[in-house]
Amino acid sequence: MTPSTIQIISAALFGVALLHTFSTRFFERLANARPAHAGIWHLLGEVEVVFGFWAMILILLMFAVEGRDSAIHYLDSRNFTEPMFVFAIMVIAGTKPILQLAMLSVRTVAQFIPLSRAIVFYFTTLSLVPLLGSFITEPAAMTLAALILRDNYFSRGISLKLKYTTLGVLFVNVSIGGTLTPFAAPPVLMVAGKWGWDIWFMISTFGWKAAIVVIVNAGSATLLFRRELSQGGLGQNLSDRGEKAPSLLVAVHLIFLIGIVTFAHHPAVFMGLFLFFLGIAHAYQKHQNRFILREGLLVAFFLAGLVVLGGQQQWWLQPLLLGMSSEAVFFGATLLTAITDNAALTYLGSLVEGLSGSFKYALVAGAVTGGGLTIIANAPNPAGVAILRGNFEDGTIHPLGLLTAAIPPTIVALLAFRLL
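The rules behind the values
Residues numbered from 1 in each chain as written. Predicted model: local features only at pLDDT ≥ 70, side-chain atom pairs only at ≥ 80, totals over all residues. Heavy atoms only, no water. Salt bridge = Lys/Arg side-chain N within 4 Å of Asp/Glu carboxyl O. Helix = DSSP H or I, 4+ residues; strand = E, 2+ residues; numbered from the N terminus. Buried < 20%, exposed > 50% of the residue type's maximum accessible area, 1.4 Å probe, protein only. Domains from an automatic or database assignment. Contact = heavy atoms within 4.5 Å. Buried area = accessible area lost by both parts, 1.4 Å probe. Core = buried A, V, L, I, M, F, W, Y, C linked by side-chain atoms within 4.5 Å. Expected span 1.5 Å × (residues − 1). Axes fitted to C-alpha atoms, helices over the stretch in contact; angles between N-to-C directions. Parallel < 35°, antiparallel > 145°, perpendicular 65-115°, else oblique. Left-handed = near helix turned anticlockwise from the far one by under 90°. Phe/Tyr/Trp six-rings, centres within 6.5 Å; stacked < 30°, edge-to-face > 60°. Lys NZ or Arg CZ within 6 Å of the ring centre and 35° of its normal.

Asker: Give a detailed account of the pattern of salt bridges, specifying residues and quantitative values.
Answerer: Inspection of the entire model under this criterion finds eight salt bridges. A salt bridge links Arg389 to Glu48; the shortest N-O distance between them is 3.2 Å. Of the two residues, Arg389 is situated in the loop between helix H21 (381-388) and helix H22 (399-419) and Glu48 in the loop between helix H3 (38-44) and helix H4 (50-65); the sequence distance between them amounts to 341 residues. Under the relative-accessibility criterion, Arg389 is labelled buried at 13%. Arg290 is the partner of Glu295 in a salt bridge, and the nearest nitrogen-oxygen pair spans 2.8 Å. Judged by relative accessible area, which is 9%, Glu295 ranks as buried.

Here is the structure:
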């Protein structure tokens, strides 16, 4: 099929957006060098703004090339449920009562491991919390893990090498840690209903392998940096210094979290619950930390931009993906995930009838395996970036640094899903 003019333009803009994600540090330095227009340079230096900005350019060009009706029809055809859900779940998961409950879970598990608190706490955060993502969804797990790591490690002056290694392991582990159930990982969610994958299928086919990979990755990072993790001050939870939220309030927050996860596909329901939650949280403001509304909105904007730009890439991506054999698609999906959202890949596969069981497995396994390689590879990744990037130089997480750090844990996942 010959691509239309707007499809060619959208592919070019998608490529420009990818390059832009690798150039955010350049814009931050430009802001420092040219203070007269620092505001616009800082805006373009926000990695969460990148895809939303270029999606806006695409829509403006659609107005010019195809007309107002065509542009509006395209926007109306896009599904923005995921960006809204990620925003709501980030804000709730980042509240003090939910974070307090997560910390209690981590400490409870950590006390059974006979090692120093800082080392065990680090290992448990990188292993237990990503696996919890199979039940509370990956965005919630990413938010909780990132906040715990920020307050207990990243803000305590750890080395840049440890920061990037932790980030790479966290992103890979969250991407595969949600595969114990059919509803928590976006790439699995796209196909589970159509292909009849229930929770028992996920646990027996993907889940146990993912659990092994998560533990191996977390254990390897912990072992590699055990000396630095043992230094004083790490692993001492900052939130313990304040007054704890009442147990009843924690339970109410948990009910709202479960409600939003349950109705994740119904924005009218979960946004209604979210707005009601904001009212409850404001009524008991003394038991709250600062809401991560700004971070959540930036992540939602990023994902919405990816929805708009990514929706125009099917013309070249689907033939490329489905032209592969069952053997090749596993590695192909892993590599393609690095330059596009992994849920988009599995969604394209779900549109095709008659795929073999081995092809389906390879497609999903490859998609979740590559979910930690870049910021755009998995929907929860921008949430982790938004929370942690303030602890990096110039407030920027360099994409090459993330890619380099994510390759070793990705290889572990490749071997597990391929050989076990």
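Once you've had a look at it, read on.
Asker: Can you break down the domain arrangement of the protein chain residue by residue, with the values?
Answerer: If you check the domain split of the protein chain, you get domain 1 (5-77) and domain 2 (82-419). On the domain 2 side, the residues contacting the 28 residues of domain 1 number 30 residues. The junction of domain 1 with domain 2 conceals about 2,500 Å² of combined surface from both sides, 68% of it contributed by carbon and sulfur atoms. Interface area lost by domain 1 to domain 2 is led by Phe14, Arg25 and Glu48, which between them contribute 29%. Here domain 1 is connected to domain 2 by three salt bridges.

Asker: Summarise the nonpolar core; cite the residues concerned and give the values.
Answerer: What tends to happen in soluble globular proteins is that the nonpolar side chains get buried as a cluster. Ranked by internal contacts, the top residues of the largest apolar core, which has 89 residues, are Phe51, Tyr153, Leu170 and Leu309. Domain assignment of the residues forming this core places at least three in each of domain 1 (5-77) and domain 2 (82-419). Here Phe51 is in contact with Phe14, Ala17, Leu18, Thr21, Phe302, Gly305, Leu306, Leu309 and Ile376, once residues within four sequence places are set aside. Membership of the second largest hydrophobic core comes to 34 residues, among which are Val191, Val214, Leu317 and Phe417.

Asker: Hey, could you go over helix H20 (residues 357-369) for me, with residue numbers and the actual values?
Answerer: Taking 1.5 Å per residue as the helical rise, H20 with its 13 residues ought to reach 18 Å, and the 18 Å between its terminal C-alpha atoms agrees with that figure. With eleven of its 13 residues buried, H20 lies for the most part within the structure. Looking only at H20, the buried set comprises Phe359, Lys360, Tyr361, Ala362, Leu363, Val364, Ala365, Gly366, Ala367, Val368 and Thr369.

Asker: Could you give me a rundown of the packing of helix H18 (residues 326-337) against H22, with the residues and numbers involved?
Answerer: Packing of H18 against H22 brings their axes to within 12 Å, and their N-to-C directions diverge by 155°. For the element pair H18 / H22, the angle class is roughly antiparallel. In this structure, H18 crosses over H22, and the sense of that crossing is right-handed. Contact residues: H18 offers Glu327, Phe330, Phe331 and Thr334, while H22 offers Thr410, Leu414, Phe417 and Arg418.

Asker: Help me get a handle on the environment of Pro319, residues and values and all.
Answerer: Mapped onto the elements, Pro319 comes out in helix H17 (residues 314-322). Expressed as a C-alpha distance, the spacing of Pro319 and Ile375, which sit 56 residues apart in the sequence, is 24 Å.

Asker: Which residues make up helix H19 (residues 342-350), and what values go with them?
Answerer: Here H19 lies mainly inside the structure; seven of its nine residues are buried. Of all the residues in H19, the buried ones are Asn342, Ala343, Leu345, Thr346, Leu348, Gly349 and Ser350.

Asker: Describe in detail the packing of aromatic side chains, supporting the description with residues and values.
Answerer: Per the counting criterion, the structure on display carries 20 aromatic pairs. Both rings, one in Phe53 and one in Trp54, keep their centres 5.0 Å apart while their planes meet at 85°; by these two values the pair is edge-to-face. Taking the centre distance of 5.6 Å and the plane angle of 75° together, the rings of Phe256 and Phe276 count as edge-to-face. Highlighted residues: Phe256 in helix H14 (residues 247-262) and Phe276 in helix H15 (residues 267-283), separated in sequence by 20 residues. Assessed through its relative accessible area of 9%, Phe256 is described here as buried. Taking the relative accessible area as the measure of exposure, Phe276 reaches 53% and is therefore exposed. Through a chain of ring-to-ring contacts, the aromatic side chains of Trp195, Trp197, Phe201, Phe206, Tyr361 and Phe417 assemble into a single cluster. Taking the ring centre of Phe392 as reference, the NZ or CZ of Lys163 above it sits at 5.7 Å.

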